[in-house]
Every structure is written in structure tokens, then in C-alpha cells.
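A look at the structure
One letter stands for each residue in the lines below.
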Amino acid sequence: MSELHKFIFEGQPVRGSIVRLTDAWQEILRRRADNSETGAYPVAVRELLGEMAAAGVLMQSNIKFNGALVFQVMGDGPVKLAVAEVQSDLSLRATASLVGEVADGASLEPLLNVRGGGRCAITLDPKDRQPGQQPYQGVVPLQDAQGRRFQKMSDVLQHYMLQSEQLDTVLVLAADDQVAAGLMIQRMPVKGEANLAAATESESAQHDAIGLNEDYNRIATLAASLTRDELLTLDVETILRRLFWEEKLMRFVPQQDEESPRFACTCSRARVASMLTSLGAAEIEDIIAERGSIEVGCDFCGQQYVFDPIDAARLFTEADKLPPSSSAVQ
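Residues numbered from 1 in each chain as written. Predicted model: local features only at pLDDT ≥ 70, side-chain atom pairs only at ≥ 80, totals over all residues. Heavy atoms only, no water.

Focus on the overall build of the chain
For clarity, the threshold we go by: Helix and strand assignments come from DSSP, with helices taken as H or I runs of at least 4 residues and strands as E runs of at least 2, each series counted from the N terminus. Here the term buried applies to any residue with accessible area under 20% of the maximum for its type, exposed to any over 50%, and partly exposed to those in between, with areas from a 1.4 Å probe on protein chains only. Throughout, a residue-residue contact means that at least one pair of heavy atoms, one from each residue, lies within 4.5 Å. For accessible areas, the Shrake-Rupley method is used with a probe of radius 1.4 Å. Any residue's cover is judged against the shown protein chains and nothing else.
When you go through the chain residue by residue, the secondary structure sums to 11 helices and 13 strands. Scored against the burial criterion, the 330 residues of the chain give a buried share of 47%. Considering only residue pairs separated by 6 or more positions, the chain has 64% of its internal contacts joining residues 24 or more positions apart. For the chain, the exposed area adds up to about 16,500 Å²; of that, 49% sits on carbon and sulfur atoms.

Take a look at the structure:
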């Protein structure tokens, strides 16, 4: 089963978490491989999307937010768009759209940022959105301030956390056909943290400066030494013991079994009907006249929804019964 472990370092302004997606990640890959139109993802795309899924769970688990965290990268390479969406209950789904050949072993730049136009966007979409309320979205380029293009997804997210959240963060991400995993270590603001030793205002200001906290820097260096193979093959207990055997960890109850990250899709026939209704009766009639029926497939789970001429007519005679259409990722 997939699992999520969270912990803090006693007396230090540092928190951490490890996620291992097994059954959830394998289900995402199976559904894609079973799609006769697309087939399985290329190896490099599987690794990219798995890292995004693991990172999405880590980010969602560290915020108090009732809604979806939508993590997207889009660019000008053969991967047009990759999306990982994680709900507040850690249900997740992920997909990628390809427009060209993907070379084995391709890094982030040749996948998404060939001409420097790649972007990373993280959106927080509230579950019960109030009238007029818009989702929060942060966007960063796939390169640093000096124009150096990132080669790894972990570098992108570390840059995002520093730019958008002012949080020192180190991430180690990895994925293969069986496991998508991630380790995240973050520096927490010193002031007001109950687990920290008392400090004067001047000490707090000094140690809270980005990049200057010695305790965080030491722990981050240890975390960054974790290799891809170790992250994919070792269990969580072994990883924590090998990396932080000299540190005092306070562990939280792991999120496993019913509370573990899991695959789930939010698509439904009603949502697809709402989307079709938004196209208008004339366009729907044209599609029916040309094709005889309308078939819509979910990119996330592979579910196919078919509307014959009678179903299409009902879209507009029963439009008042449909849920409101959404511009969010379907």
C-alpha cells in the first residue's frame, strides 16, 4: 500500500516527510497502458509524472487546505502538459499530453523546456468555493534568475518554494514502474514554533533568515545525499535511520491503509454532460450529424463516456438539472 510519513526534528526549525506511492502509482500507469489509443507512457515521462505525483502528495500534506492541489508543468518540448492533482484526503490522479517523440533518459529541459518557454504552476482550488472566489495560483519558469534551465523536477520545486513561499526546501524525488517516492525537508519559521527551544528576538531574526539556519543546512545536506536507488528500494525506517541517526526525530502516525494516498478520479457522466452543454446545442448537433454519437474519454482514468443522439438531445432539455460547468482540469 502507498504510505506517507511525517516527522519533525526536536528542538530544530525543520520538518520532513516521505511518501511512497505503490498501488496508487501502479494504477495510474496501468490505466494509461490499457488505453488502446495512447499506450503506455515513455520511460522518461513515467519518471517525470511519478516524481510530480509524489511531490504533489508531499506539498498537499503540508498545508491545511480543503480542496485540490493541482501541480502542472507545461512547455515547448515533446511533453506539452503534465498534471498531478491531489485532493485534501490524498486521493490523486495524474496525466501527461505528448506531441512528439521522447528520448529515453531525457531530462526536464528536452522534455518541456527546449526553447526556454517551460512553466511550472501550482494551483490551490478550494472545494467549496465562495461566490467570486478564485483559485490561488503560483507560476515560475523552468529556469533560475540567471537563465540556467533546470534539469530535475526537484530543482524546479525548490526554486518555487523559495520564490513563492519563502521556504528553504530540499526535495529528493524518484519514480520507476513500481514506485513513485519523495523526501521533503523544509525549514520552518523560528518564531512561534512550539517544538523549538526559547530564543531571543535577535536570535530568532538571525536564525530565521533564508539559507542561514545552520541546523536546517546540516539536515538538508544529509537529506540531499539520499540517492535515487535508495529512495526507490529502501523502506522508510531504513532511510530515516541511515540519514538522520544522529538527529532526534519526533515521528507522527504514518498515513497508511484507509488514510494512505490512493488513486481516485473526479470525472463523472454528469460533469462531462455539463461540459458538453457549455459548447451549445448547435455545435453538439453538428458533432452528432458528423459522427453519429459523442465519445469523451477521461485523460486521467481512461473512462469513456458515450452520448448517442437521444442522450445529446437530453443535454439541453434537462440542462437545468446538471451541475455547473467548471474550467478546472477534468
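Here's the deal with the confidence of the model for the chain
Counted only if it meets this: Known as pLDDT, the predictor's confidence for each residue is given on a scale from 0 to 100.
In this model, the chain carries an average pLDDT of 87, and 89% of its residues clear a pLDDT of 70 or more. Long-range and interchain partners of residues 192-207, a stretch whose pLDDT sits below 50, account for 17 contacts in this model, where long-range means more than four residues apart. Taken as a whole, residues 322-330 scores under 50 in pLDDT and shows 21 contacts with residues more than four places along the chain or in a different chain.

Concerning the sheet that holds strand β5 (residues 91-98)
The test is simple: At least two bridges found by DSSP between two strands are what make those strands a pair. Every axis in this analysis is a line fitted to C-alpha atoms, fitted for helices over the stretch in contact. Angles between the N-to-C directions lie between 0 and 180 degrees.
Strand order in the open sheet made by the six strands is β7-β6-β3-β4-β5-β11, with mixed pairing throughout. Because the sheet does not close on itself, it has two edges, and the strands there are β7 (136-141) and β11 (262-263). Helix α2 (residues 43-61) contacts β3 (67-74), β4 (79-87), β5 and β6 (119-126) of the sheet and is inclined by roughly 30 degrees relative to β4.

Let's talk about the sheet that holds strand β10 (residues 249-251)
On the basis of which strands lie adjacent, the open sheet formed by five strands has the order β8-β9-β2-β1-β10 and antiparallel pairing. Two strands bound the open sheet, and with one partner strand each, they are β8 (169-175) and β10. Averaged over all neighbouring strand pairs, the angle between strand axes comes to 15 degrees, with direction disregarded. Bridge count for β8 against strand β9 (residues 180-187) is seven bridges, and the pairing is antiparallel. The partner of T169 across the bridge, within β9, is Q186.

A word on the pattern of salt bridges
To be explicit about the condition: What counts as a salt bridge is simple: a side-chain nitrogen of Lys or Arg found within 4 Å of a carboxyl oxygen of Asp or Glu.
Tallied over the entire structure, the rule returns 16 salt bridges. A salt bridge links R242 to E230, with the nearest nitrogen and oxygen atoms 3.9 Å apart. You can see R242 sitting in helix α8 (residues 236-244) and its partner E230 sitting in helix α7 (residues 228-233), a full 12 residues away along the chain. Of the residues examined, E230 reaches a relative accessible area of 26% and is grouped as partly exposed. Where salt bridges share partners, they join E27, R30, R31 and D34 into one cluster.

Some points on the packing of aromatic side chains
The test is simple: For Phe, Tyr and Trp, where Trp contributes only its six-membered ring, two rings pair if their centres lie within 6.5 Å, and the inter-plane angle classes them as stacked under 30 degrees, edge-to-face over 60, or tilted in between. Note on geometry: a ring has a charge over it if NZ (lysine) or CZ (arginine) is within 6 Å of the ring centre and within 35 degrees of the ring normal.
One pass over the full model with this rule turns up three aromatic pairs. Arranged with centres 6.3 Å apart and planes meeting at 50 degrees, the rings of F7 and F244 form a pair that is tilted. Pair noted here: F7 is in strand β1 (residues 3-9) and F244 is in helix α8, with a separation of 237 residues, a long-range link. Residue F7 is classed as buried on the basis of its relative accessible area, which comes to 1%. Here the aromatic residues F7, F9 and F244 are joined through ring pairs into a cluster of three or more. One Lys or Arg, R93, reaches over the ring of F300 and ends 3.9 Å from the middle of that ring. Here R269 stacks its cationic end above the ring of F307, 4.0 Å away from the centre of that ring.

Focus on a negative patch on the surface
Which entries qualify depends on this criterion: Patch building starts from residues that exceed 30% relative accessible area and form no salt bridge, then joins like charges within 9 Å and nonpolar side chains (Val, Leu, Ile, Met, Phe, Trp, Tyr) within 5 Å. His is not counted here, nor are the chain ends, while Lys and Arg score as positive and Asp and Glu score as negative. The atoms used to mark charge sites are NZ of Lys, CZ of Arg, CG of Asp and CD of Glu.
Taken together, the side chains of E283, E285, D286 and E290 define an acidic patch exposed on the protein surface. Counting through the fold element by element, E285 comes out in helix α10 (residues 281-291).

Description of the packing of α10 against helix α11 (residues 309-317)
Inclusion rule: To sort the angles, those under 35 degrees are grouped as roughly parallel, those over 145 as roughly antiparallel, those from 65 to 115 as roughly perpendicular, and the leftovers as oblique. Asp, Glu, Lys and Arg are counted as charged, while Ala, Val, Leu, Ile, Met, Phe, Trp, Tyr, Cys and Pro are counted as nonpolar; the rest, among them Gly, fall into the polar class.
Two elements in contact, α10 and α11, have axes whose closest approach is 10 Å; the angle formed by their N-to-C orientations is 180 degrees. Between α10 and α11, the angle falls in the class roughly antiparallel. Here A281, I284 and I288 of α10 lie close against α11, whose contacting residues are P309, A312 and F316. Of the residues contributing to the contact of α10 with α11, the split by class is six nonpolar, no polar and no charged.

Here's the deal with α8
One turn of an α-helix holds 3.6 residues; hence residues three or four places apart share an orientation. Let me state the cut-off plainly: Under this definition, polar contacts are N or O atom pairs within 3.5 Å; protein pairs additionally need one hydrogen-donor-capable and one acceptor-capable atom, and for neighbouring residues in sequence, both atoms have to be side-chain atoms.
Within α8, burial applies to V236, T238, I239, L240, L243 and F244. Summarising the contacts, the buried residues of α8 are in contact with β1, β2 (14-21), β9, α6 (214-224), α7 and β10. Two or three places before E237, at the start of α8, stands the capping residue D235, its side-chain oxygen 3.1 Å from that residue's backbone nitrogen.

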